[in-house]
Amino acid sequence: SKNSFVDKYRFKQMAKYASQIICVSENSKNDFLERYQFDKSRIQVVYNGIDHDKFFPIKDFQKIQKIKEKYNLFHPFILFLGTIEPRKNILRLIKAYFELKNQQKIIQKLVICGKKGWFYEEIFAFVKENKLEEDIIFLGYIDENDKNALINASDFVVYPSPERGFAVKTRLDRYYPARVIFSK
């Protein structure tokens, strides 16, 4: 589109005159270098941080029990947090879950939290076609104040998105090291 062309041109001009460029990951840095002629030494990687007031291990069993009751999560579960759209790789996650469930290699439910984004229909269709409504729970948008408790209540959290360049979520592995799984 015209706006896309204009944005690329503007960005190229800004990059040309910038003394430094900050990228949020090595992946973003490499993407930038592929698209633009730029001196590598003028690019710095500064990783996203975590708000320790929002994300932290919860030791209080009652708080974890309350969040399970609020969302009717009385079975062990795997958690995904994010918008429901193709770039998040949710369909691949659901297909992998389906395979593991059929092979009886997991007992957990799959809990998907997030609002519907673009092209989400195929995701819901797969769940329905394979009769996974009892095993895959869509909670919709989750209040920010509940996310940490849900992370703590889950058996583990999955982030199957191959596009992790801007995801703060990738920093969660420092705070929940045995419980966060990323795709490659």
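Residues numbered from 1 in each chain as written. Predicted model: local features only at pLDDT ≥ 70, side-chain atom pairs only at ≥ 80, totals over all residues. Heavy atoms only, no water.

Asks: Help me out: how do you make sense of the pairing of strand β3 (residues 77–81) in this one?
Replies: Sheet faces and side chains relate simply in a regular strand, where the side chains alternate between the two faces. The element β3 is extensively covered by neighbouring structure, given that five of its five residues are classed as buried. By the alternation rule, side chains of β3 split into F77, L79 and L81 and I78 and F80, which are all buried. Two elements, β3 and strand β4 (residues 109–113), share five bridges in a ladder whose sense is parallel. When the bridges of β4 are listed, L81 appears paired with C113. (Buried < 20%, exposed > 50% of the residue type's maximum accessible area, 1.4 Å probe, protein only. Helix = DSSP H or I, 4+ residues; strand = E, 2+ residues; numbered from the N terminus. Pairing = 2+ DSSP bridges.)

Asks: Explain the nonpolar core here, please?
Replies: Looking at soluble globular proteins, one finds that nonpolar side chains tend to be buried together. Ranked by internal contacts, the top residues of the largest apolar core, which has 19 residues, are F77, L79, C113 and L150. If you list the elements that add at least two residues to this core, you get α3 (61–70), β3, β4, α6 (144–153) and β6 (156–159). In terms of residue count, the dominant contributor to this core is α6 (four residues). Contacts of L150, omitting those with residues within four sequence positions, involve I67, Y71, L73, F77, L79, C113 and I142. Judged by nonpolar contacts, the second largest core, of 18 residues, contains L93, F126, V127 and I136. (Core = buried A, V, L, I, M, F, W, Y, C linked by side-chain atoms within 4.5 Å. Contact = heavy atoms within 4.5 Å.)

Asks: Just checking my understanding: could you explain the pattern of salt bridges for this structure?
Replies: Opposite charge on two side chains makes pairing possible when the charged atoms of those side chains draw close. Inspection of the entire model under this criterion finds five salt bridges. With a shortest N-O distance of 2.6 Å, E85 and R87 are connected by a salt bridge. We classify R87 as partly exposed; its relative accessible area is 43%. In this structure, the salt-bridge partner of K101 is D135, at a minimum N-O distance of 3.9 Å. Placement of K101 in helix α4 (residues 90–102) and of D135 in the loop between α5 (121–129) and β5 (136–140) is noted, with a sequence separation of 34 residues between them. Residue classification places D135 among the buried residues on the basis of a relative accessible area of 17%. Each of K101, K109 and D135 takes part in a single network of salt bridges with overlapping partners. (Salt bridge = Lys/Arg side-chain N within 4 Å of Asp/Glu carboxyl O.)

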